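# Structural overview for review
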Amino acid sequence: GAGVSQTPSNKVTEKGKYVELRCDPISGHTALYWYRQSLGQGPEFLIYFQGTGAADDSGLPNDRFFAVRPEGSVSTLKIQRTERGDSAVYLCASSLTYPDRERGNIQYFGAGTRLSVL
Amino acid sequence: AQSVAQPEDQVNVAEGNPLTVKCTYSVSGNPYLFWYVQYPNRGLQFLLKYITGDNLVKGSYGFEAEFNKSQTSFHLKKPSALVSDSALYFCAVRDPLEGGSYIPTFGRGTSLIVHP
């Protein structure tokens, strides 16, 4: 079946602009995660959804970042007033179960959206 | 707090030789440990995990990892490397104690290069 799909694959924007990044998880997966990966670093947690609600948004760096998942499937990560430091690859992952209910919860990752803020 | 370290940015090995990619961790209790692999322009793919039980865990593509509690390590190994194993490898840890994070912490990654 189809994996996690992220669009666009690349996004170039200017400093101060607003961007939206989309994630389409594996069908039937209840949990969805957003990570940010900077060059030479591992994925850094941003936010995690159980269904439609954000169960943990402790990784969002500031209030310019916001994510929604209105119908419990597709999610959109929104970044306002982009800054050059926001440039990174934004990864989305999904899992069949919630991580607090399955000890060995496995995440399935999309290929990411490479965001470049000029 | 949970943390994980991958001390090598890059590992070079000749095809057919055994390979080891190192990972050490720090958690309050007994850890949940994971290895993921990332090929260019692809998402991270799950390789294997340790939750409990046998310290030697076998995973996809002939990889295995050994959990060593005394050394707080979870090194990834393969007896005979293939050129196609060349990729970026990430170790991740999750602290299962109540109140701990449900989200794994990932290491910085180790680039494995297998030479023909």
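What counts as what
Residues numbered from 1 in each chain as written. Chains lettered and ligands numbered in written order. Predicted model: local features only at pLDDT ≥ 70, side-chain atom pairs only at ≥ 80, totals over all residues. Heavy atoms only, no water. Salt bridge = Lys/Arg side-chain N within 4 Å of Asp/Glu carboxyl O. Buried < 20%, exposed > 50% of the residue type's maximum accessible area, 1.4 Å probe, protein only. Disulfide = S-S within 2.5 Å. Helix = DSSP H or I, 4+ residues; strand = E, 2+ residues; numbered from the N terminus.

## Things to note about the pattern of salt bridges
Residue and element names in this part refer to chain A. The final tally for this structure, using the stated rule, is seven salt bridges over all chains. A salt bridge links D24 to R22, with the shortest nitrogen-to-oxygen separation between them at 3.7 Å. Owing to a relative accessible area of 27%, D24 belongs among the partly exposed residues under this scheme. The class of R22 is partly exposed, set by a relative accessible area of 40%. A salt bridge links R36 to E44; the nearest nitrogen and oxygen atoms lie 3.8 Å apart. On the basis of relative accessible area, R36 is assigned to the buried category, the value being 12%.

## Details of the state of the cysteines
All told, the structure shown has two disulfides over all chains when counted by the stated rule. One disulfide in the model links C23 of chain A with C92 of chain A; its S-S distance is 1.8 Å. Taking the torsion about the S-S bond as the criterion, the C23 of chain A to C92 of chain A disulfide, at about -70 degrees, is left-handed. Within this pair, whereas C23 of chain A is found in strand β3 (residues 19–24), its partner C92 of chain A is found in strand β9 (residues 88–95), the two being separated by 69 residues in sequence. Each disulfide pairs two cysteine sulfurs, and for C23 of chain B the partner residue is C91 of chain B, the sulfurs being separated by 2.0 Å. Taking the torsion about the S-S bond as the criterion, the C23 of chain B to C91 of chain B disulfide, at about -65 degrees, is left-handed. Of this pair, C23 of chain B sits in the loop between β3 (19–21) and β4 (24–26) while C91 of chain B is found in strand β10 (residues 87–94), placing the two residues 68 residues apart along the sequence. Summarising the burial analysis for this pair, C23 of chain B and C91 of chain B share the class buried.

Remember, this is a structural readout, not a statement about activity or role.
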